[in-house]
Structures are given as structure tokens and as C-alpha cells.
Amino acid sequence: MKRIEALEVLVSLTSRHPVVVTCAATSRELASVKDGDNHLYLLDSMGLAGSVATGLALSVGPSVPKVVCVEGDGSLLMNPNVLPTGGYLAPGNLLLVLLDNGVYASTGALPTYSPRIDLEKLAAAAGWATRSADTTSGLRAAFEELLAVPEPAFLHARIEPGNAEGVEKLLIDPVSITGRFALWLREAGNAV
Amino acid sequence: MTYAKAVADGIWSAGTARVGYIPSVTVAPIINSLVASDDGANGVSPRVTPLSREEEAIGVMGAVAFTGELGAVVMQDNGFGNALTALTTFTLAYHLPLLVFANTRGGLGEYNSMIHSISQPVPAILRAAGLPVIELDRRSGPEDWQDAVQEAGVHSVMTYRPVVVLGSFWNTDGKVA
């Protein structure tokens, strides 16, 4: 499964969900599939997506569908505190999808730890409900299963290294992202 | 009123919805006051939670602003090195209000021989990064600290950016280190 194929599946599943997405190729590929107002692109801040998603999950009202975080293995490894903090605070409305290709794909495909460190086991040890997938159908099924669990949820999706060709850089003013994302939350009548 | 309670009361009276903290012996009385006033115990309450590192605290508490509410972080100033990228590329760049209160180290009353190497330049580092900094010390009383912390939170909301309050507890009723 390529990253953009995984993102196409996630877009089809998340139109009602707040989606926090990590920087660089993941953000720009997600935007190329669909540039939704429910997408909170972190244009830099590598490693912070899980923390931002955790804070959002703690803060939104109970009627908001689960906060979905789209994270990469290199980014998660830059701030692995996301796992114990999520397990400790235990927001049941948080679903972190880890797109794990084993490399820093946006920065020269240098290797991450993930081929030797099982990030799903780390998440499970910290108290997250976990599933794994390496196909688009498996990703869809695991996502739908994790929507029903009461714990913070961790979906470990194995993807191929590499970036989609011909995807333009995401040159949005971050302030406009804040405005439209906050408005999306508010208009949905979902914000606290 | 103690200085610690003044800080805690100032945080709540700013309209803060949620507080995350990274522990230090100096901020512990502030946390205890925040937790006690929020029906909690042992460092945790419905709206007050421990966090493991300053960087993630900026992410977790900065995200509160997307719901139209104010988050706050209570920490020690030697953690700003950890927090700086998140403060700039997230909260500053995305125009997110966030109230940060940090106790200062490395100055008068300090026992540690090296912590001044990060703490002393912190105000200049933060200002160079474009963060507003309010500095408090023994020269004003708890009532002023409470007012200043409260107004810092209000200012953060009004100006859509994080605001940092640095408090030196030397020669107050608090503990420096």
C-alpha cells in the first residue's frame, strides 16, 4: 500500500472527523486527495501531531466524532511521549493512524527505527487499543473497528517507502488553517 | 494569599479551560492550588493534567484554542529549550492563544552551578523569537502577581498568540529550587 492509497481510504472515512496530520509529504498528499476544512495540517512542528490531536481530543465536546491523527513513523519517533501521555490521559475519542514506511520519506529516505522497533507494541504497552494493516481493505476494516473502542486507539499501517509524484507543496498560511479548522468545529456545533 | 495561590487564581481568572504542567519543586504549590480548586488530588483534576515534556505541553495545551478556549502551561524556565520549536512553528505561526507561566532558575537563591546557562538567557531568547514576556519577582506582592497572570491570559486571547509570564520566587514566600 502506498501512502497516497492509504490517505484515499482515510479521506473516505473521515469527512465528519477532525483530522490532525503531520507535516511535509503526508500533509501535501492528503491535501491532494482532498483539502478539507476538517483537516488541520501541521506544516512544520514535526513530532507534534499526536500531542495536538491529544489536546484536541481532550477539548472537543462529546458529540464530536473521534479526533483522527495521521502520523508518520519518523515523526512519532521524534516525540514518542505521545504514546505514554495518550495512554495516561486516555482520551477515548482519539484515533492515531501511523503510516509507517520505515524511512524519513520527506528527507532523503534515511531510515527510522521502525524496522527494528515495534511501534504498535509500544502503543499497546502504553495502554492504547491497537490494530495493524498493510492493505487498503485491512486499513478500512481496522479503522472501523477502532472507532468502537473506548481507549485511545492506534492503527499501525505499514506502507511502502516513497512519495507520490507530482504533488505540489502545501503553501497555505497557517493562520488560514486555524481559521477554517476552528470554524469547521464551530459550525458543526461541536466545539465546547 | 501566597504567591503560588496568586498564580493559580490568576490562571483560572483569565478564563483558562485546561492546564498542563511539567513538575518542579517551585511550581508544585501552584499545581496543588490549581488541583485543589478544581476538585482534584495528587496532582490531577478534571482540568489539570501532568505532561511529560515542555514541547508536548505546548502541543496539547495549544490545541485547546481551536475550540475557542484558552489552555495554559505551568513549567520551569529551563524547559523553554525543549519548547521553542513548538512555541514558534505551532502556537505563534497558527495564532493560537496560550498562557505559559514558568518559574525562573539560575538567579538569586540558586544552588545549581549550571542551570543559569539556560535560564539566564531565556527572556532574551523568547523575545527574540517574538514571544511577549512578562517578568515578576519579589518587588511586587501576590495581588500584583495574580493580576499580571490574569491579564497575561487575557492579552494572549486578545492578540492570538502565546504569552509567557516568568516568576522569580526568590525573597517571596515560595521556594526557589
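The name an unreviewed UniProt entry assigns to chain A is Phosphonopyruvate decarboxylase, from the organism Spongiactinospora gelatinilytica.

Colleague: Can you explain the UniProt feature "domain: Thiamine pyrophosphate enzyme TPP-binding" (unreviewed entry) in chain A? Please cite residues and give values.
Modeller: Residues annotated in UniProt with the feature "domain: Thiamine pyrophosphate enzyme TPP-binding" (unreviewed entry) correspond here to residues 42–156 of chain A. Counted over residues 42–156 of chain A, helix gives 37% and strand 23%. Its end C-alpha atoms are 20 Å apart.

Colleague: Got a sec to walk through the environment of Arg105(B)? Specific residues and values, please.
Modeller: Residue and element names in this part refer to chain B. The topology assignment puts arginine 105 in the loop between strand 4 (98–103) and helix 5 (116–119). Look at arginine 105 and you get buried, because its relative accessible area is 10%. Sequence separation of arginine 105 and isoleucine 118 is 13 residues, and the distance between their C-alpha atoms is 8.9 Å. When neighbours within four sequence positions are excluded, arginine 105 is seen to be in contact with Gln76, Asp77, Glu110, Tyr111, Asn112, Ile115, Ser119, Val176 and Ala177. A distance of 2.7 Å separates the side chain of arginine 105 from the side chain of glutamate 110, its partner in a polar contact.

Colleague: Describe the interface of chain A and chain B, with residues and values.
Modeller: Across the contact, 30 residues belong to chain A and 23 residues belong to chain B. Note on chain A versus chain B: buried area summed over both sides is about 2,100 Å², and carbon and sulfur give 63% of it. The interface formed by chain A and chain B holds zero salt bridges in total. Between the two partners, chain A and chain B, sit seven residue pairs in polar contact (both at pLDDT 80 or more). Elements with a contribution of two residues or more to the side of chain A that touches chain B: strand 2 (39–41), helix 3 (49–59), helix 5 (82–89) and helix 8 (174–187) of chain A. Residues of the side of chain A that touches chain B, tallied by class, amount to 20 nonpolar, nine polar and one charged.

Colleague: Just give me the short version of a nonpolar patch on the surface, but keep the residues and values in it.
Modeller: Residues and elements named next belong to chain A. Judged by side-chain polarity, Tyr113, Ile117 and Leu122 come together as a nonpolar surface patch covering roughly 310 Å² of accessible area. Structurally, the position occupied by tyrosine 113 is in the loop between strand 6 (110–111) and helix 6 (119–125). Given a relative accessible area of 59%, tyrosine 113 falls into the exposed group.

Colleague: Help me get a handle on the sheet that holds strand 1 (residues 16–21) of chain B, residues and values and all.
Modeller: Residue and element names in this part refer to chain B. The six strands are arranged 2-1-3-4-6-5 in an open sheet whose pairing can be described as parallel. Strand pairing shows two members of the sheet lacking a second neighbour, strand 2 (48–50) and strand 5 (133–136), which therefore form its edges. The sheet shows a mean angle of 20° between the axes of neighbouring strands, direction not considered. Across five bridges, strand 3 (residues 70–76) lies against strand 4 in parallel orientation. Among the inter-strand pairings, methionine 75 is bridged to a residue of strand 4, identified as alanine 102. On top of the sheet, helix 3 (residues 54–62) reaches strand 1, strand 2, strand 3 and strand 4; it is set at about 165° to strand 3, its chief contact.

Colleague: Let's hear about the sheet that holds strand 7 (residues 129–133) of chain A: which residues, and what values?
Modeller: Residue and element names in this part refer to chain A. The sheet built from six strands is open, its strands ordered 2-1-3-4-8-7 with parallel pairing. Because the sheet does not close on itself, it has two edges, and the strands there are strand 2 and strand 7. Sheet twist, expressed as the mean angle between neighbouring strand axes with direction ignored, is 20°. Across three bridges, strand 1 (residues 19–21) lies against strand 2 in parallel orientation. Its bridge partner lying in strand 2, valine 21 is registered against tyrosine 41. This element, helix 3, spans strand 1, strand 2, strand 3 (67–72) and strand 4 (94–100) of the sheet and lies at about 175° to strand 3.

Definitions and cut-offs
- Residues numbered from 1 in each chain as written.
- Chains lettered and ligands numbered in written order.
- Predicted model: local features only at pLDDT ≥ 70, side-chain atom pairs only at ≥ 80, totals over all residues.
- Heavy atoms only, no water.
- UniProt positions renumbered as here; feature names shortened; annotations may be inferred.
- Helix = DSSP H or I, 4+ residues; strand = E, 2+ residues; numbered from the N terminus.
- Buried < 20%, exposed > 50% of the residue type's maximum accessible area, 1.4 Å probe, protein only.
- Contact = heavy atoms within 4.5 Å.
- Polar contact = N/O pair within 3.5 Å; in protein donor to acceptor, adjacent residues only side chain to side chain.
- Buried area = accessible area lost by both parts, 1.4 Å probe.
- Salt bridge = Lys/Arg side-chain N within 4 Å of Asp/Glu carboxyl O.
- Nonpolar A, V, L, I, M, F, W, Y, C, P; charged D, E, K, R; others polar.
- Patch = residues over 30% accessible without salt bridge, like charges linked within 9 Å, V, L, I, M, F, W, Y side chains within 5 Å.
- Areas by Shrake-Rupley, 256 points an atom, 1.4 Å probe, with all protein chains shown as cover.
- Pairing = 2+ DSSP bridges.
- Axes fitted to C-alpha atoms, helices over the stretch in contact; angles between N-to-C directions.

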